[in-house]
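For reference, the chains in residue letters:
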Amino acid sequence: MDSILIQLLIILVKIVGFTFVLTLPLIAYSVYAERRFAAVIQDRVGPNRTGIPLTLFGGKKDLPVQGLLQPLADGLKFILKEDFTPSHVHKFFFWIAPGLTMVPALLTLCVIPFGSELWGEKLVIADIAVGPLFIFAIASLSVYGITFAGWSSNNKYSFFGGVRSCAQMISYEISLGLSIVPVLMIFGQLNLTDIVTWQANHGWLLLPFTFDDGFQCGLSQFGGAIGYFLWFPLMLSFFIFTVSIFAETNRMPFDLPECETELVGGYHTEYSSMKFALFFLGEYAAMIVGSALIVTLFFGGWSLGFGLDALLQDAQGNWLPYAGLVHLAAFLGKVIFFILFFILVRWTVPRFRYDQLMKLGWVVFFELALINVLVAAVIMAAPSMIERGESLALSALALGTIIFSALMFYIAKTFDKKPKANA
Amino acid sequence: MAEVKKLKRPELNTSEKLYLFALAKGAAVTLKHAFKSMTGKARGSEALKSSGLGLTMQYPEQKWDDQLPEHYRGAPALVTDEQDRERCVSCQLCEFICPPKAIKIIPGDIPADDPWAKVEKRPKEFDIDMTRCIYCGMCEEVCPEQAIYLRKDYAITGSSRAELLHDKQKLYEIGGKRIGLVNKWNEIK
Amino acid sequence: MSETTETQTLPKDLAAEKGLVNVQIDGHWIQVPRGTRMIEACKQAAAEVPHYCYHPKLSSPGNCRMCMVQMGMPPRLAPGQDPEYNNEGYQDIGWMPRPVIACANTVAENMGIRTQGELVEKTREGVMEFLLINHPLDCPICDQAGECTLQEYSVEHGRGTSRFIEDKVKKPKNVDIGPRVNLDDERCVMCSRCVRFMDEVADDAVLGFTERGTHTTLTCHPDRKLDSNYGMNTIDLCPVGALTSKDFRFQMRVWFLKETKSIDVNCATGCNTTIWTRGSQVYRVTPRRNDAVNSEWMPDSHRLSFHKFQGNDRLTDPMVKADGKHEVSAWNQALDASAEALKQFDAAEVAIIASARMTNEELFLTKTLAQVLGTESIATVARDDQADGKLISADRNPNTQGVNLILGTEGSAGRLISIKNGLQDGKIKALVILQEDVFEAAEFTHDDLAGCELIISVAAVANHTAEASDIVLPSSSFAEKRGSMINVTGRLQRLNQALQPPGNAREDWEIIRDLTLKLAGEQNDLFIIEDVLKLLASSVKEFEGITFSKIGDQGLPLIDTGETIPLLEAEKQRINNGEIVG
């Protein structure tokens, strides 16, 4: 009885800790980071004034601390602003839409492994065996929030934003799912904690090297030297996955749902105050979850990599009590790196045209991901087939893959043809 | 008939079509810029007296007073000349031209015992409502007596409307003495 | 050839039948009466001739030389030569090589006038340059700026820059030549309009020129001042800023002022005026031309009388006396209180003292009020003084004719005495006083009013009557209301609203209407003053068909009183003598 209570308590602590203590401030500060980083790129300063208002308490000068309290002030502002609901909107959907964007983004956090173990407790809220699938399933729900917001606003620009977002998310979910098939084929499972553990032992997926027992490549277990070739489909997977995450989170260069030059503010044009803030936070939460997923799948999650994790293990191969903290820091470091990468891309790449966006998703990434699955499969199957002396069958498989690829390219090319100008 | 020039879209080769290299190059440019900006080496930061981050000057701490151009249009003010004569004769042309109707003048006589009694007329009251002033400089342009000038004062603030109503005394305070104007009202005249 | 000339009637013969002559002005032929001045003929042809000294109401000395035009006549015929006519029946014009002044010459048959062309323009440019040589650059401080013909003509006809490098001639500035007029000799262009006006119209020749050439100086007679009651007309006449008003001096630039056409209310003549206002203030009142009333002049005393409505003593709120003190009240309460109080008295106990300063519309509503009250004690106060033999009438009430017509109170003074007696006897216990100060104008004493239980007064300015009243209703000055008045000659003229009444004050007709409504307790359909005039026109036969637009800016003769205005008679005499154009 007590143990169940303790279990529940531990889960509660994890939920509160990871969601509200770790992620929400991270969201807030990623907004701050975005503003400062953007400012620096554009030769500006960014928010550097909001600090501790010592003068309110009788001090002589305020303490600006580089504007680090800006997110707090922003949050306060959002809460205090008038929560205005226009008269022409569909009230029910208008009200639940912001929640529908924010909640799925935070829900997906529960399967992300934040670290290894802290005093024997895994640093993940729900250690389930279908991690990535769960994330895809839940993250897809957030499209409802945006669609509802656009539709219920009863405003044509908002509606366009909602429709665009809907189409975009559905399109990119396909390449998102297909792109990680080779990755999952290598891991052979869907439990994210185990995936990370595998990477801790064999090196990160994209940097599969360990040095604790001399130089070793983690991919060599798939048929020695031939296994090294797996790195290429994995790299492609990473590329498609990352770009698709950009599209899924509506980040630049794919932020067409809130394309201000065309749609005023997009689906959240009619929103103000905390409801708007929820959209805003949901977007950044999605970005953080996306970064976490990239890190978990391709960059070893919380693992330090390169065989360094062995230093945190005792002789029996169990984690030291404090190992979780080190891993948590490593994980957060990687996630923050990717958040900064997201920001850098936003201020570098101009926005896509909507037809370009759709073509990229359906004509390029979808085909590439399919071919990628076949290539990875052939490479994985090659060593055992050679061992069994089925070289002919292997050649046939390879030939089939090449023919399939060629066919795909041909189809893509025909679709790509420009309509002939009227003579 | 204007010449019609037909332009062709540039043909991209495969590596360009891949878009990846352009992406990487773009990111490198942005990053380089960010780095320069952070180390205070952004282009033009020297000339613009940047605070060391980007090109921006940190306003209340740093000011650009010595960088204001000659033609800068700040607060309008009345001036006196080297004869210490208040130049305004309250012809009210500025009041007439002022687009936001910020100027209000009540004309008055110059008393006979004044050394400049021959000028006869001067403003009894001269108010410029700085909450209305749009710094257009029309008053300066229209003034036939070279009496009103837009000075370089730009930080016109106040905590009440009354504070932002510049009266005659305040206007002469801001304006001060201006040397080298045409002295229409001299010993001969 | 000779046959056609005989059968065809020439334009000159057609014109001569009507006493006209044919004149070609800037290429167009027009017909004007024989003896017309060239400048007037040009005016009829809508060809502007700039001028300073010429004024139709004054003699023409032709000394400013601004009105120079090119003139031409048919060539003089040799003995025995027949005149040759062109296809249109005119003789060809031989243009004179030198310009003539248009103000003092009269037109002749087949004359040609050019108001444009190189010769005329060069001449004007030369005259302008001479006029501007000694003129100071005073425009920023000069009150005339904005209505100065020197400014206008130097823009239109001047050369723009000065070639004069010597020192300008110094003359007296800011000279005090009279109680109301200020002189600046440097600005004078020696047109002599003021000199002629004082001599010919005001009959008080105090102005004249001294010195010669560029040193010519306008001065007042050494023992005299320009203190004639018509002296301020010289300010309006002065084309430049030499003569300026002391009252208006440095008050406001004229381009800010709004002009409202109205009439003077200080005597029965009813001089036509323009009221110049900005915001909620009257800045000046000037005469407006009306050849049937005031020519172009106006007495100074009437011109400056608007000041009495500019003091701090204007009433702005209705007041009801409570415990011997006046307290500010709302209109509804004050009117209700008035009606309630009046209802306490019998009809015979109520008297109305109206005023001959009220407009016809107000008088008509007063009559209605009297009918509702049932009283027949209604009187106005007479104001008789000396006539000045020019424009000021002996009757200082502006609308005595209107009172006679609408109230029918012939001998209003007698009625006033009976009211006074009634008050003393205690028969009259309630008084409604409209726009009058009974102490000052009707010589009432406090003893007279001692027995009076209720006084309601409608007044624009605080006075003793208002102070003694139980209820005071604030009304408007002459500049704050519309209405019509009938002058001494029986001419119906229009007052126009130049300002809004101050504070909560209302127009008089509204006050009387509302009081009548409260007393009668029924609605009427008098919403705007036009409604009142319509009602008046339907009930007084002399007013039949009259509307405000029909009255117009110049008024219209309504009744014949047989009275004349002396100044106009003198003017007619001079026109007949050919001294002036008129």
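Please read these numbers as outputs of a predicted model, since none were measured by experiment. Counting starts from 1 at the beginning of each chain's written sequence and moves along it residue by residue. Note on labels: chains are lettered from A, ligands numbered from 1, in written order. Residues qualify for local features only when their pLDDT is at least 70, as the model is predicted, and side-chain atom pairs are given and counted only at 80 or more; totals for whole chains, interfaces and linings, by contrast, use all residues.

1. Here we look at the overall build of chain C
Condition: Here a strand is any run of E in DSSP of at least two residues, a helix any run of H or I of at least four, and the numbering for each starts at the N terminus. Residues with at least 20 neighbouring C-beta atoms inside 10 Å of their own are called buried, those with 12 or fewer are called exposed, and the rest are partly exposed, where every C-beta is derived from the backbone. Two residues form a contact once the distance between their C-beta atoms, set from the backbone, is within 7 Å.
Along chain C, the regular secondary structure elements total 17 helices and 24 strands. If you line up chain C on its principal axes, its C-alpha atoms span 95 × 65 × 40 Å. Sorting the 582 residues of chain C into buried and exposed places 47% on the buried side. Partitioning the intrachain contacts of chain C with sequence separation of at least 6 by distance along the chain shows that 68% fall at a separation of at least 24.

2. A look at the overall build of chain B
The test is simple: All radius of gyration figures rest on C-alpha atoms, and the globule criterion is 2.2 Å times the number of residues raised to 0.38.
Counting its regular elements, chain B contains five helices and five strands. Tracing chain B from N to C terminus, the helices and strands come up as α-α-β-α-β-β-α-β-β-α. On C-alpha atoms alone, chain B measures out to a radius of gyration of 27 Å, which is more than a quarter above the 16 Å that the 2.2 N^0.38 rule sets for 189 residues. For chain B, the C-alpha atoms occupy an extent of roughly 90 × 55 × 35 Å along the three principal directions. Among the 189 residues that make up chain B, the fraction classed as buried is 26%.

3. Here's the deal with the interface of chain C and chain B
Note the cut-off: The residue classification treats Ala, Val, Leu, Ile, Met, Phe, Trp, Tyr, Cys and Pro as nonpolar and Asp, Glu, Lys and Arg as charged. All others, Gly included, are polar.
Opposite the nine residues of chain C that make contact, chain B presents 15 residues. Its residues assigned to classes, the side of chain C that touches chain B shows five nonpolar, one polar and three charged.

4. Considerations on the domain arrangement of chain B
Under the convention used in this document: A domain assignment, automatic or from a database, supplies the domain bounds used here.
For chain B, the domain assignment lists domain 1 (17-65) and domain 2 (68-175). Taking only C-alpha atoms, the centre of domain 1 of chain B and the centre of domain 2 of chain B are 42 Å apart.

5. As for the nonpolar core
Threshold: Note on terminology: a nonpolar core is any set of buried Ala, Val, Leu, Ile, Met, Phe, Trp, Tyr and Cys residues joined through C-beta atoms within 7 Å.
Ranked by size, the top nonpolar core spans 146 residues in total, and within it C:Cys67, C:Ala102, C:Ile113 and C:Ile353 carry the most contacts. For this core, the leading source of residues is helix α10 (residues 360-373) of chain C, giving six residues. With 100 residues, the next largest nonpolar core counts A:Val196, A:Phe280, A:Leu281 and A:Leu360 among its residues.

6. As for the interface of chain B and chain A
At the junction of the two partners, chain B supplies 14 residues and chain A supplies 11 residues. By residue class, the composition of the side of chain B that touches chain A is eight nonpolar, six polar and no charged.

7. Looking at the sheet that holds strand β8 (residues 181-183) of chain C
Residue and element names in this part refer to chain C. The cut-off we apply is this: Paired strands, in this sense, are two strands between which DSSP finds at least two bridges.
Here three strands make up an open sheet; going across it, the order is β7-β8-β11 and the pairing antiparallel. Looking at strand neighbours, the two that pair on one side only are β7 (175-176) and β11 (243-245), the edges of this open sheet. Here β8 pairs with β11 via three bridges, running antiparallel. Across the sheet, the residue bridging to Asn-182 is Thr-244, located in β11.

8. Brief notes about the arrangement of the chains
Across the two pairs of chains that are in contact, the largest number of contacts falls between chains A and B. The smallest C-alpha distance separating chain A from chain C is 40 Å, and no contact links them.

9. What about the packing of helix α3 (residues 91-107) of chain A against helix α4 (residues 131-152) of chain A?
To characterise two packed helices, one gives the angle between the axes of the helices and the distance between these axes. Residue and element names in this part refer to chain A. As a reminder, the rule being used: Simply put, an axis is a line fit to the C-alpha atoms, just over the touching stretch for a helix, and the angle between two N-to-C directions goes from 0 to 180 degrees. The labels follow the angle: roughly parallel below 35 degrees, roughly antiparallel above 145, roughly perpendicular from 65 to 115, and oblique for the rest. Crossing chirality is assigned from the near helix's rotation relative to the far helix, an anticlockwise turn below a right angle marking it left-handed and a clockwise turn marking it right-handed.
Between α3 and α4, the shortest axis-to-axis distance is 8 Å and the interhelical angle comes to 160°. Between α3 and α4, the angle falls in the class roughly antiparallel. Once α3 is placed against α4, the crossing between them reads as left-handed. When α3 is examined against α4, the residues Phe-93, Phe-94, Ile-96, Ala-97, Pro-98, Leu-100, Thr-101, Pro-104, Ala-105 and Leu-107 are found in contact with a partner set consisting of Ile-138, Ala-139, Leu-141, Ser-142, Tyr-144, Gly-145, Ile-146, Phe-148, Ala-149, Trp-151 and Ser-152.

10. Considerations on the pairing of strand β2 (residues 28-33) of chain C
Relative to β2(C), strand β1 (residues 20-25) of chain C runs antiparallel, the two sharing six bridges. By the bridge assignment, C:Asn22 is partnered in β2(C) with C:Gln31.

11. A closer look at the sheet that holds strand β15 (residues 319-322) of chain C
Residues and elements named next belong to chain C. Across the sheet, which stays open at both edges, the seven strands sit in the order β16-β15-β21-β20-β19-β17-β18 with mixed pairing between neighbours. The sheet is open, and its two edges are formed by β16 (325-328) and β18 (378-380), each paired on a single side. For this sheet the average axis-to-axis angle between neighbouring strands, irrespective of direction, equals 20°. Note that strand β17 (residues 350-354) and strand β19 (residues 430-434) share four bridges and pair parallel. Bridge pairing links Ile-353 to Ile-433 in β19. Strands in contact with helix α9 (residues 331-343) are β15, β17, β19, β20 (454-459) and β21 (471-474); relative to β21, the strand with the most contacts, it is inclined by about 135°.

12. Section: unusual backbone geometry
Residue and element names in this part refer to chain C. Backbone geometry places Ser-192, a non-glycine residue, at a positive phi of 70°. Its location among the elements puts Ser-192 in the loop between β8 and α6 (193-200). Even without being glycine, Ser-295 reaches a positive phi, approximately 55°. With respect to the element layout, Ser-295 can be found in the loop between β14 (281-287) and α8 (300-303).

13. A short note on the environment of B:Gly40
Residue and element names in this part refer to chain B. Considering the arrangement of structural elements, one finds Gly-40 in the loop between α2 (20-38) and β1 (76-78). Taking the C-alpha atoms as reference points, Gly-40 and Glu-86, separated by 46 residues in sequence, lie 48 Å from one another. The residues contacting Gly-40, other than those within four sequence positions of it, are Ser-45, Ser-50, Gly-52 and Leu-53.

14. Re the domain arrangement of chain C
All names here are of chain C. Parsing chain C into structural domains produces domain 1 (2-116), domain 2 (131-309) and domain 3 (319-567). Measuring from the centre of the C-alpha atoms in domain 1 to the corresponding centre in domain 2 gives 34 Å. Each partner contributes residues to the interface: domain 1 has 11 residues there, and domain 2 has 15 residues.

15. Considerations on α6(C)
For α6(C), every residue scored as buried is listed here: C:Arg193, C:Cys194, C:Arg196, C:Phe197 and C:Met198. Along its buried surface, α6(C) packs onto β9 (207-210), α7 (233-237) and β11 of chain C.

16. Looking at the packing of helix α1 (residues 2-41) of chain A against helix α2 (residues 70-80) of chain A
Residues and elements named next belong to chain A. For the pair α1 and α2, interaxial distance at closest approach is 9 Å and the crossing angle is 110°. Between α1 and α2, the angle is such that the two are roughly perpendicular. Here α1 and α2 pass one another in a crossing that is right-handed. Within the contact between the two elements, α1 uses Ala-28, Tyr-29, Val-31 and Tyr-32 and α2 uses Gln-70, Pro-71 and Gly-75. Residue composition of the contact of α1 with α2, by class: five nonpolar, two polar and no charged.

17. Quick look at the pairing of β17(C)
All names here are of chain C. Short version of the rule: Note on handedness: a crossover is taken as right-handed if, strands pointing away from the viewer, the path from the first strand over the helix to the second is clockwise.
For β17, the tally of buried residues reaches five of five residues, placing the bulk of the element in the interior. The alternating pattern of β17 places Val-350, Ile-352 and Ala-354 and Ala-351 and Ile-353 on opposite faces, both of which are buried. Here β17 runs beside β18; their pairing, made up of three bridges, is parallel. Bridging across to β18, Ile-353 finds its partner in Ala-379. Following the chain from β17 across α10 to the adjacent parallel β18, one finds a crossover that is right-handed.

18. Concerning the confidence of the model for chain C
Residue and element names in this part refer to chain C. The condition that has to hold: What pLDDT reports is the predictor's confidence in each residue, on a scale of 0 through 100.
Summing up the model confidence of chain C, the mean pLDDT is 91 and the portion of residues at 70 or higher is 98%. Throughout residues 1-5 the model reports pLDDT below 50, and contacts reaching past four residues in sequence, or to other chains, amount to one contact. This complex was scored by the predictor with a pTM of 0.74 and an ipTM of 0.82.

19. Description of the environment of A:Val335
Structurally, A:Val335 is set in helix α12 (residues 323-346). C-alpha separation for the pair A:Val335 and A:Ile226, spaced 109 residues apart in sequence, amounts to 31 Å.

20. A few points about the environment of A:Gly218
By the secondary structure assignment, A:Gly218 is in the loop between β4 (216-217) and α8 (225-228). Excluding its chain neighbours within four sequence positions, the residues that come into contact with A:Gly218 are A:His202, A:Gly203, A:Pro208 and A:Thr210.

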